[in-house]
Amino acid sequence: MGLTCLALTGHAQAQTSYQSYEQRSSRLRTLASANSSLASVKSIGKSRGQRDIWLLTLSKGDAAKKPALLIVAGLEGAHLAGTETAIQMAEKMLANAGKDSIAKLLETKAIYIIPSANPDAQEQWVAKPRYARSENGLDYDNDRDGRLNEDPFEDLNGDGLITMVRVEDPTGTFIVSKDDPRVLVKADPVKGERGKYILITEGIDNDRDGKFNEDGPGGVHIDKNFTFDYPIFVDGSGDYAASEPEVRAISDFLYGSPNIFAVLTFGPNNNLSEAPKFDQSKVARRILTGPTQKDASAMEQVSKLYNSLGLKDAPAMPQTKGNFSQTAYFHAGRFSFTTPGWWAPKVEAAKDTTKKADAGAVATTPAGGGSAGAAAAGADNDDVRFLKWADREKLTDVFVDWKEIKHPDFPDKKAEVGGIAPYAKLNPPVNYLNETAEKHLKFIAGLGMQMPDVQIVNVRTESLGNGLNRITLQVVNKGLLPTYADIGDRVRWVKKVKTELFLGNGQSIVSGRKIILRNALAAGEAEEYTWLISGTGKLTIQAGCPTAGVVSTEVTLK
Amino acid sequence: MLKKIFSAALLCIGVQMAAFSQTDPDLTGMRALGTPANPKVKWAWNYYMDYAGIMKLSQELVKAYPNLVKIENIGKSTQGRDMIVLAITDYKKGNADRKPGFWIDGGIHANELQGTQFAMYTAWYLAESFGKVEFITEMLQDRIFYILPTLSPDAREQFLFKPNTANSSRSGLVALDDDGDGYVDEDGYDDLDGDGEITMMRRKSPTGRWKEDPNYPARMIPAKADEPGEYELLGIEGIDNDGDGRVNEDLPGTYDPNRDWGWGWQPDYVQNGAFYYPGTLIETRNVKNFIYNHRNIAGAQSYHNFGGMFLRGPGAEEDQGFYTQSDVAVYDLIGKQGEKMIPGYNYYVLWKDLYTVYGGEIDWLALARGIFTFSNEINTSYRLFNKKSTEGRFQNDEFNEFDKYLLFGDAYVKWKPYKHPQYGDIEIGGSKKNNVRNTPGFMLEEEGHRNMAFTLLHAYHMPKIEIAEIKSKKLPGGLTEVTATIINTRAIPTHSSHDVRYKIERPDYVTLKNAQVISGMIVDDADLNLTREQKFNPQTIEVPNIPGTLTGTGGGSNYAVKVRWIVRGSADKYTVEVDSMKGGVISKTE
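Residues numbered from 1 in each chain as written. Chains lettered and ligands numbered in written order. Predicted model: local features only at pLDDT ≥ 70, side-chain atom pairs only at ≥ 80, totals over all residues.

> Hey, could you run me through the interface of chain B and chain A in this one?
By a widely used convention, the size of an interface equals the accessible area lost when the partners come together. Across the contact, 25 residues belong to chain B and 28 residues belong to chain A. For the side of chain B that touches chain A, the per-class residue count stands at 12 nonpolar, seven polar and six charged. (Contact = placed C-beta atoms within 7 Å. Nonpolar A, V, L, I, M, F, W, Y, C, P; charged D, E, K, R; others polar.)

> Can you help me understand the sheet that holds strand β17 (residues 515-518) of chain A in this one?
What links the strands of a sheet is backbone hydrogen bonding, and the strands pair in either a parallel or an antiparallel sense. Residues and elements named next belong to chain A. A sheet is described by the order of its strands in space; here four strands give the open sequence β17-β15-β19-β20, paired in antiparallel fashion. Each edge of the open sheet carries a strand with a single partner, namely β17 and β20 (549-557). Direction aside, the axes of adjacent strands within the sheet are offset by 15° on average. For strand β19 (residues 537-545) and β20, the ladder comprises nine bridges, and the chain directions are antiparallel. Its bridge partner lying in β20, A543 is registered against V551. (Pairing = 2+ DSSP bridges. Helix = DSSP H or I, 4+ residues; strand = E, 2+ residues; numbered from the N terminus. Axes fitted to C-alpha atoms, helices over the stretch in contact; angles between N-to-C directions.)

> Is there a simple way to think about the domain arrangement of chain B in this case?
Taken domain by domain, chain B consists of domain 1 (31-158 + 257-379 + 440-460), domain 2 (178-250 + 391-436) and domain 3 (465-589). Here the C-alpha centre of domain 3 of chain B lies 65 Å away from the C-alpha centre of domain 2 of chain B. (Domains from an automatic or database assignment.)

> Sorry if this is basic, but what is going on with the sheet that holds strand β19 (residues 517-525) of chain B here?
Residues and elements named next belong to chain B. Read from one edge of the open sheet, five strands run β16-β17-β22-β19-β20, paired in antiparallel fashion. This sheet does not close on itself; its edge strands, each paired only once, are β16 (465-475) and β20 (530-533). Each strand axis lies, on average, 25° off the axis of its neighbour in the sheet, ignoring direction. In terms of strand pairing, strand β17 (residues 479-488) meets strand β22 (residues 561-568) through eight bridges, oriented antiparallel. Of the residues in β22, the one forming a bridge with T485 is K562.

> When you look at the nonpolar core in this model, what are you seeing that I'm missing?
Nonpolar side chains tend to gather and get buried jointly when the protein is soluble and globular. Residue and element names in this part refer to chain B. Among the nonpolar cores identified, the biggest contains 222 residues, and I88 and A123 are the most heavily contacted of them. Per-element accounting of this core gives the leading share, nine residues, to helix α3 (residues 114-129). The contacts of I88, once residues within four sequence positions are left out, are L68, V69, A123, L126, A127, L140, I144, F145 and I147. Ranked by size, the runner-up nonpolar core spans 19 residues in total, among them I486, A515, Y574 and V576. (Core = buried A, V, L, I, M, F, W, Y, C linked by C-beta atoms within 7 Å. Buried ≥ 20, exposed ≤ 12 C-beta atoms within 10 Å, placed from the backbone.)

> What's the story with the packing of helix α8 (residues 293-307) of chain A against helix α11 (residues 433-450) of chain A in this structure? I'm lost.
In a packed pair of helices, the relevant descriptors are the angle between the two axes and the axis-to-axis distance. Residues and elements named next belong to chain A. Between α8 and α11, the shortest axis-to-axis distance is 9 Å and the interhelical angle comes to 140°. The interaxial crossing formed by α8 with α11 has right-handed handedness. Residue-level contacts link V302, L305 and Y306 of α8 to F443, G446 and L447 of α11. Along the lines of polarity and charge, the residues of the contact of α8 with α11 split into five nonpolar, one polar and no charged. (Left-handed = near helix turned anticlockwise from the far one by under 90°.)

> Would you mind going over the pairing of strand β18 (residues 526-534) of chain A with me for this structure?
Looking along a regular strand, one sees side chains alternate from face to face of the sheet. Residues and elements named next belong to chain A. Where strand β14 (residues 468-477) meets β18, nine bridges bridge the pair, whose relative direction is antiparallel. Bridge pairing in β18 places I471 opposite W531. Alignment of strand β16 (residues 508-511) against β18, held across three bridges, turns out to be antiparallel. In the strand pairing of β18, S508 is matched with S534.

> Quick question: what am I supposed to make of the environment of B:T137 here?
Residues and elements named next belong to chain B. Residue placement: T137 occurs in helix α4 (residues 134-142). Through-space distance from the C-alpha of T137 to that of L126 is 8.3 Å; in sequence the pair is 11 residues apart. Setting aside its immediate chain neighbours within four residues, T137 contacts F130 and G131.

> Sorry, what's going on with helix α10 (residues 382-392) of chain A here?
All names here are of chain A. Looking only at α10, the buried set comprises D382, D383, V384, R385, F386, L387 and A390. Each element contacted by the buried residues of α10 is listed here: β11 (399-405) and β12 (415-420). A positive backbone phi angle near 55° is found at K394, which sits one or two residues after α10.

> Could you clarify how one ought to interpret unusual backbone geometry in this entry?
Most peptide bonds adopt trans geometry, and most residues besides glycine take a negative phi value. In this model, A:K128 is joined to A:P129 through a cis peptide bond whose omega is -10°. Structurally, A:P129 can be placed in the loop between α5 (119-122) and β5 (164-168). The step from B:G313 to B:P314 runs through a cis peptide bond, and the omega angle for that step is 5°. Relative to the elements of secondary structure, B:P314 occurs in the loop between β11 (309-312) and α7 (325-341). In this structure, B:D185 takes a positive phi of about 50° despite not being glycine. Along the polypeptide, B:D185 turns up in the loop between α5 (153-161) and β5 (200-204). Among the residues examined, B:D185 registers 17 C-beta atoms within 10 Å and is labelled partly exposed. Positive phi is not limited to glycine here, since B:N248 has a value of about 60°. Structurally, the position occupied by B:N248 is in the loop between β8 (231-236) and α6 (282-293).

> Explain α11(A) here, please?
Quick reminder: α-helices carry 3.6 residues per turn. Residues three or four places apart thus point the same way. All names here are of chain A. With 18 residues, α11 ought to run about 26 Å at 1.5 Å a step, and its terminal C-alpha atoms sit 25 Å apart, in line with that. For α11, every residue scored as buried is listed here: L433, T436, A437, H440, L441, F443, I444, A445, L447 and G448. The secondary structure elements touched by the buried residues of α11 are β3 (68-73), α3 (80-95), α4 (100-108), β9 (260-266) and α8. (Expected span 1.5 Å × (residues − 1).)

Below is the structure:
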């Protein structure tokens, strides 16, 4: 215990910023070795860039035999906050392993954490120049022109960061925002606005194809490379679904771990603040595109738990094509929740804007694609909102002031480099994440309490004479959620609820089946089974499934 | 002086050859046309070879024809067998892996034996016919064939050597718990009578609704509505091995490697047979890696059985839009010719004429890689008596009639009594595993040859690029305008229109060598001087596609690609090089 505290304190002092792959790896190893009875760390595969994809397992006893939750972060490489949150949750869980709710969680459940699913991309945080990168380490011809990595970003103002360039030009379609002079927005002809600036990412058009920085180092954005709703031939999606080793490693682990009941992803998608609704038209076809009715209602229940923890004003971040979160539900058949974890709080206490479609949170920060972001106009503009919060918090280093430079592609024009610093919008200073990790740990513990709980109850044996016995019992789910997602009953790899009879010597079944499989048991649902057994002595009955736990009971026949 | 010696030498060789010709069967009436009469590698083509046979024949071909046949190991199967590709071309001419490549695979469904056989026949035939049949000689000078005899080598051995039905051992042999009881492959078929075949079980019973066909006792037919039956049918030969009240419910395999490809992939509940994600299986991953490493592959054939079809994609209705009119025109040309080449075979569209397939190999080849791909469903009941049956695929009794008169009863196991642990006194008998699907021995070589001929037609139509003309014209100011005309004399373009739309393969590069290029452009219309300038790197003009003879652009009147450079100074001759991933590399000085 003393050791644990020391390790935790030591690291808490050291860490004031997001970490490199090496720092993170040693942090995980230290955490596991300091808590060897509860935690272990192993590599489930290598990234394209040959970095380990770490899996942290937290559980008392054999994790594989317990119902489990899987937490995945860092699929979107630009999202460092999720990675940090996931690791802090693990640290808090272990630091509080003796306390009631956490102790029970670790006793009865296994928690799997993959803190950095896309380590190649995340490493750009410590690389030069720093830019928000989504793609792994595959050498890939992103713009499919036959030239490899021929048009990367260039750090034109020499500040080590990749931001944006605005160029005064008659063909420009951007203007300065009325709400914040630092921010550029699209000119709206309907409002009588005429464009003044061309807005591009920081760099030059090396291959003179009219596109800026569309093919730098890096290959596939692995959160576009999963199988559900896989987007073909778009920037970052790769050659085909699951082409990337990161995707295969994570999928192999998920599919190969039938005990995983639900998945929580930290990333720029949110289905927790507002649960997806049931839509008959989305489940009526051969290919499902929405949750089943039963699952939608379970998701609503989990969403209520999430919102009860005071995680307010989340921006709407719809699911995206080919991501892990939807694949985990639609293809692997598990409950799947996703949240950015942290977002810039609204500064004015105003009406709820959750339902409005915000511009994607990474849109105006240069990412691999290099497209100038289409920022929403007006006060709801994501950038304006973020800067307002950052000003209130007196954060420095979140904005690079516009400064004139010489741009070789615009020799006689006024060109300026500036904009929101890479990573800033999705990733607050690390000290802001303490609260995020606390709240999400509460969420996980709360979810653990609601998870299915299979029991064998009301066991009766009746002797019918001449060595013939009738056994009757009920298998019940006393949890608050079904034994597994309803969609799991369609998925071949999800294990059904099984009741199995193990006969003793000289016993035989006269009526009833040795193995009974059935679909998911809803919360509170019970099923009764009866057997006629010839013979005497002990026999064992086992019931359950990997996502809900397996229990057994012994019966003695007279 | 030199000349004289040379002709004398030639004369000498001529004399020798003439003397030799009297003993070379291929130069006598002993040669049955179209078939080597005296092959260096002797092989019988009327039985199905096993894995050892594939390896032996492959190695013998390499030994006999080291300049034509090479073996590449593309990885191991699940059970550790080497997966080999035979790379066949005239290695003395050109850069082998830059020639337009043709991919052939067989036996992805391991119970469909012919594909492997025909893939090997093609390898053998190409090697043995090079230098003897001009068409083949040119084919190997211009093209390279990559032949994977079996994509599922483990399951092929399982099918050949273990008791099976016609439909079992279709997939690989990754161990799976089919019935969800927590036990793996614990209740497969059982060869109860030990005859090496898995057939059917029947039981004499007053409550049964089946009877024997009076003409063919191996065949069971339903009793008429107004008559009693004699037998119950109890399903496929086997027992309830695990005592769960079900028979044969957890077999080896039971997934489908042909649902494991990265186009339109869907999970098992949508597409039966799918695994976790496309490329879960090592066998398909090995092939994908090979194909990505051989971007010269422009045509492909994936052999299957049964039904006599030349299938093209898409496998799913929603993908129809990806097969554009101009790409379909290529398939139509080859597919319709095929209908004449193999009587009884039909040119079909997979989803429309057969069934829906998500995540199938041919869609992946065609739509993820832009490769023109056919899949032949080998063998059809038409070939039994050379006429179309009016009955359905598995209903018609022509197979029994054919068995009686041409196979002399070899296709069926006679009913034999057996004491079954669950069913009591039963009889076991019926169709053997090689019946119906797999072509009988005496027809095998013919069907192989016809399928190969279709595939060679397909390979013939891969791009063949020529620089038709290089013209130069003096411009004022000491400049010269150089215009090159490039054509592709075959039906398949260097990029399918789907490929052009999604930029699957890089453009074709047309380079003017050794000249001071100051501007370059694509010429859309030479007569009207309509051009598009390429500002970046004008020495090498990037052409999105070099269409083939079937192109419809410009009303089909002109299928040439023209590119133009403005160069400083002038020269007598200019050298132009065309570098196309799927069309090969050529150059010309004129």
